[in-house]
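Examination of the molecular architecture
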Amino acid sequence: MPPLPIRKIIHIDMDAFFASVEQRDNPAYRGKPIAVGGSSHRGVVAAASYEARVFGVRSAMPSVKAARLCPQLIFVKSRFDAYRTASQQIREIFSQYTDLVEPLSLDEAYLDVTENKKGLKSAIRVAQLIKAQILEETHLTASAGVSYNKFLAKIASDYDKPNGLKVILPQEGVTFLETLPIEKFHGIGRVTAQKMHTLQITTGKELKKHSLPELVHYFGKAGRHYYQIVRGKDYREVKPHRIRKSVGIETTFSRDIHDQEVLLEELEALSTSLEERVRRNQARGRTITLKVKFTDFQVITRSYTAPRLLTTSADWYPLAIRLLNDSEINQRAVRLLGLSLSNLTTQSSNQLYFDFFLD
């Protein structure tokens, strides 16, 4: 079989998008640590400015913890109409360069510019022009990753934030991945990284030493994915109008939980965090799914499909409680809870796209 053609892929990721829009529109917030989201004891940070990130404030963090890390933190109420407007401006810019645009959320997208509308041979030049046009028209900065596949482009866009531009050429991909800390691999979250560390895997080079059967043994079907990506192999195409099938979140506890009241508190926090993700992705759905991993690592799921659309925590939290009570929590300790919304719908007049869930 002949080798696959080399693609020219750009991943654009807006810098602290929600917070940057707020700082752009309100001069009083500029240069200040701000968090978009609720400030109540049940609130969750939807986005944090770079000034807040210096203190360790991150998205999906409980607002109480964020305020503790940064006492001078300014909480700003979400304005999704403003974020959607800015996102639409950015997508219109993308369309001037290529029709092969795969949005992942309001603030990031893949672009295939192998053949582009400007007739430019250099994907680097295309990325430079897009970044400059976004800044000129929206007064917001974007970071760009340029490479020959989606996986490397995604990693590159996060390499030099904010306002960065990182290029990984085909002849550089494998060497770059060998030196990359395992935590920097897109799709390898905190829990998986910890497991890899127990196996003495801390860099791509060490991951590459393991055979395919070994990785499948340790990580199941995900092991095949790790085997491919550490070798710079990712054959996924940029697919316009990609719609994610679900929005979800999960948490692994530092210790196994036996107490049902504590589990209900954790479920409430998850429910609130899910609401922030749902709002961010402009999603609505009918099916709520609870995931439970017990102390013996057995995983079960329980789902309920509602007769109407679910849009907020108030809609699905009572259902999640019912699902939790039906999941044998009185018999075994729990080490992980997850909650997701699926059976999603969109508005045909304003196509909506959904973000990846990262563990």
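Notes on the structure follow. Given the structure is predicted, the values throughout are model-derived calculations rather than measurements.

A word on the environment of V174
Checked against the element boundaries, V174 lands in helix α7 (residues 173–179). Given a relative accessible area of 29%, V174 falls into the partly exposed group. Sequence separation between V174 and S157 is 17 residues, and the spatial gap between their C-alpha atoms is 17 Å. Each residue touching V174, except ones within four places of it in the same chain, is listed here: K208 and R231.

A closer look at the pattern of salt bridges
Across all of its chains, the model carries 17 salt bridges by this definition. One salt bridge connects R24 with D25, and the closest N-O pair in it is separated by 2.8 Å. For R24, a relative accessible area of 22% corresponds to the partly exposed category. As a salt-bridge pair, K117 and D99 come within 2.8 Å of each other at their nearest N and O atoms. Of this pair, K117 sits in the loop between β6 (108–112) and α5 (123–138) while D99 sits in the loop between α4 (80–95) and β5 (101–105), and the two are 18 residues apart along the sequence. The class for K117 is partly exposed, based on a relative accessible area of 47%. Three or more residues are tied together by salt bridges with common partners; here these are E22, R24, D25 and R79.

Some thoughts on the side chain of H210
Its place among the elements puts H210 in the loop between α9 (204–208) and α10 (212–219). Under the relative-accessibility criterion, H210 is labelled buried at 15%. Among residues more than four places away in sequence, those in contact with H210 are L199, I201, L215, Y218, Y227 and R231.

Rules of the game
Residues numbered from 1 in each chain as written. Predicted model: local features only at pLDDT ≥ 70, side-chain atom pairs only at ≥ 80, totals over all residues. Heavy atoms only, no water. Helix = DSSP H or I, 4+ residues; strand = E, 2+ residues; numbered from the N terminus. Buried < 20%, exposed > 50% of the residue type's maximum accessible area, 1.4 Å probe, protein only. Contact = heavy atoms within 4.5 Å. Salt bridge = Lys/Arg side-chain N within 4 Å of Asp/Glu carboxyl O.

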